[in-house]
Amino acid sequence: MELKNLLVEKNEGICTVKINNPKSLNALNAEVLAELEYIFDSIKDDKEVDIVILTGEGKAFVAGADIAYMKELDAAGAKKFGEDGAKVFRKIETLNKVVIAAINGFALGGGCELTMACDIRIASTKAKFGQPEVGLGITPGFSGTQRLPRIVGLGKAKEIIFTGSHIKADEAYRIGLVNKVVEPENLMEEVISIAQKIKSNSKLAVAYSKEAINRGIETDIETGIAYESNIFSLCFASEDQKEGMSAFIEKRPANFKGI
Ligand code: CO8
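Residues numbered from 1 in each chain as written. Predicted model: local features only at pLDDT ≥ 70, side-chain atom pairs only at ≥ 80, totals over all residues. Heavy atoms only, no water.

### Some remarks on the domain arrangement of the chain
Then step 1. In terms of domains, the chain is made up of domain 1 (6–199) and domain 2 (203–249).
Then step 2. Distance from the C-alpha centre of domain 1 to the C-alpha centre of domain 2: 27 Å.
Then step 3. Counting residues at the interface gives 13 residues for domain 1 and six residues for domain 2.
Then step 4. Taking both partners together, domain 1 and domain 2 bury about 630 Å²; carbon and sulfur atoms supply 45% of that area.
Then step 5. Taken together, domain 1 and domain 2 are joined by three salt bridges.
Then step 6. The closest approach of N and O atoms between lysine 203 and aspartate 50, which form a salt bridge, is 2.8 Å.
Then step 7. Mapped onto the side of domain 1 that touches domain 2, the elements with two or more residues apiece are helix H3 (75–93) and strand E5 (98–103).
Then step 8. For the side of domain 1 that touches domain 2, the class distribution of residues is five nonpolar, two polar and six charged. (Domains from an automatic or database assignment. Contact = heavy atoms within 4.5 Å. Buried area = accessible area lost by both parts, 1.4 Å probe. Salt bridge = Lys/Arg side-chain N within 4 Å of Asp/Glu carboxyl O. Helix = DSSP H or I, 4+ residues; strand = E, 2+ residues; numbered from the N terminus. Nonpolar A, V, L, I, M, F, W, Y, C, P; charged D, E, K, R; others polar.)

### Examining the sheet that holds strand E3 (residues 51–56)
Then step 1. Reading across from one edge, E1-E2-E3-E5-E7-E10 is the order of the six strands in this open sheet, with mixed pairing throughout. What marks the edges here is a single partner per strand, and that holds for strand E1 (6–11) and strand E10 (180–182). In this sheet, adjacent strand axes meet at a mean angle of 20 degrees when their direction is disregarded.
Then step 2. Here strand E2 (residues 14–19) runs beside E3; their pairing, made up of six bridges, is parallel. Residue valine 17 lies in a different strand from E3, and its bridge partner there is leucine 54. (Pairing = 2+ DSSP bridges. Axes fitted to C-alpha atoms, helices over the stretch in contact; angles between N-to-C directions.)

### Things to note about the state of the cysteines
Cysteine pairs can be linked by a disulfide, which is a covalent bond between their two sulfur atoms.
Then step 1. Summed over the entire model, instances satisfying the criterion amount to zero disulfides.
Then step 2. Here cysteine 112 stays free of any disulfide, with the sulfur of cysteine 118 as its closest cysteine sulfur at 11 Å.
Then step 3. The class for cysteine 112 is buried, based on a relative accessible area of 1%. (Disulfide = S-S within 2.5 Å. Buried < 20%, exposed > 50% of the residue type's maximum accessible area, 1.4 Å probe, protein only.)

### Re the packing of helix H1 (residues 30–44) against H3
Then step 1. Interaxial distance between H1 and H3 falls to 10 Å at its minimum, and their mutual angle equals 25 degrees. By the angle between their axes, H1 is roughly parallel relative to H3. When you trace H1 past H3, the crossing you get is left-handed. Facing Ala30, Leu33, Leu36, Glu37, Phe40 and Asp41 of H1, the residues of H3 in contact are Phe81, Asp84, Gly85, Lys87, Val88, Phe89, Lys91 and Ile92. (Parallel < 35°, antiparallel > 145°, perpendicular 65-115°, else oblique. Left-handed = near helix turned anticlockwise from the far one by under 90°.)

### Digging into the pairing of E5
Then step 1. Taken across its six residues, E5 has six buried, putting it largely inside the fold.
Then step 2. Taking every second residue as pointing to the same face, both faces of E5 are buried, with Val98, Ile100 and Ala102 on one and Val99, Ala101 and Ile103 on the other.
Then step 3. With four bridges joining them, E5 and strand E7 (residues 120–124) adopt parallel strand pairing. The residue bridging alanine 102 from the neighbouring strand is isoleucine 122, located in E7.

Written as structure tokens, this is what we have:
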């Protein structure tokens, strides 16, 4: 697929996907969603990619779904657009690799929802968050009503969605919407450093941990514990478990192969 809205770069196992349509502040329309789906589908099976960084070009991460595009939609078109977006975001959330959002600027509406589908969110001090949909006469439509309360709690999520107010990066950090806030010039360096730290571990164990966390948060604790128990025992059938433990005993760095 020809990528008109994404810049994709791979370097030593880290794949950076940059949404690159700064004229519309990287707003999401059907074409951008299709490109995101294509790239995340290909990353899933790409053995050269261990970890993904998602970011935006210019002053926005993503300023939301494309309002000019949505304005012309009827109810059936809106349903399809919402479902297509939700499907792509779920693919990102359940990817077998860690996805870190490097939030360089506005992350509003669908943009805030996109960051929430990522595993880890690092924001620049210039980032601004919010779910302004009710001011446009719509609800959040890319799963914001579902993920925001799971991340920041019910009361805060309701306040953010009902007021539609923008939230600065430091407030986003305070309420647990982002993991860390850094100066704009340090954003990519910080995100790459976290990516490298994760990459130095067993990617099999990291992927299993992601799956257990994602599944566990959606279920009762007994089912979650049983799932973790199964996945924990599966690790003992891997080379990485043998290598990781041998390396510790032999006092040397582990050389993981992800198998
Ligand atoms: N859609 C389309 N175009 C946009 C969007 C957007 N979301 N955001 C900005 N743009 C465009 C502007 O129209 C402008 O275009 P032009 O230069 O042609 O006039 C250009 O980007 C630059 O924007 P501004 O001049 O407004 O830049 P400012 O720095 O003054 O303001 C803001 C930046 C505050 C981010 C402002 O642009 C803004 O408020 N944007 C809209 C934010 C918003 O409301 N986002 C939520 C959209 S709704 C949504 O995301 C729903 C998701 C679920 C959809 C499910 C569908 C079924």
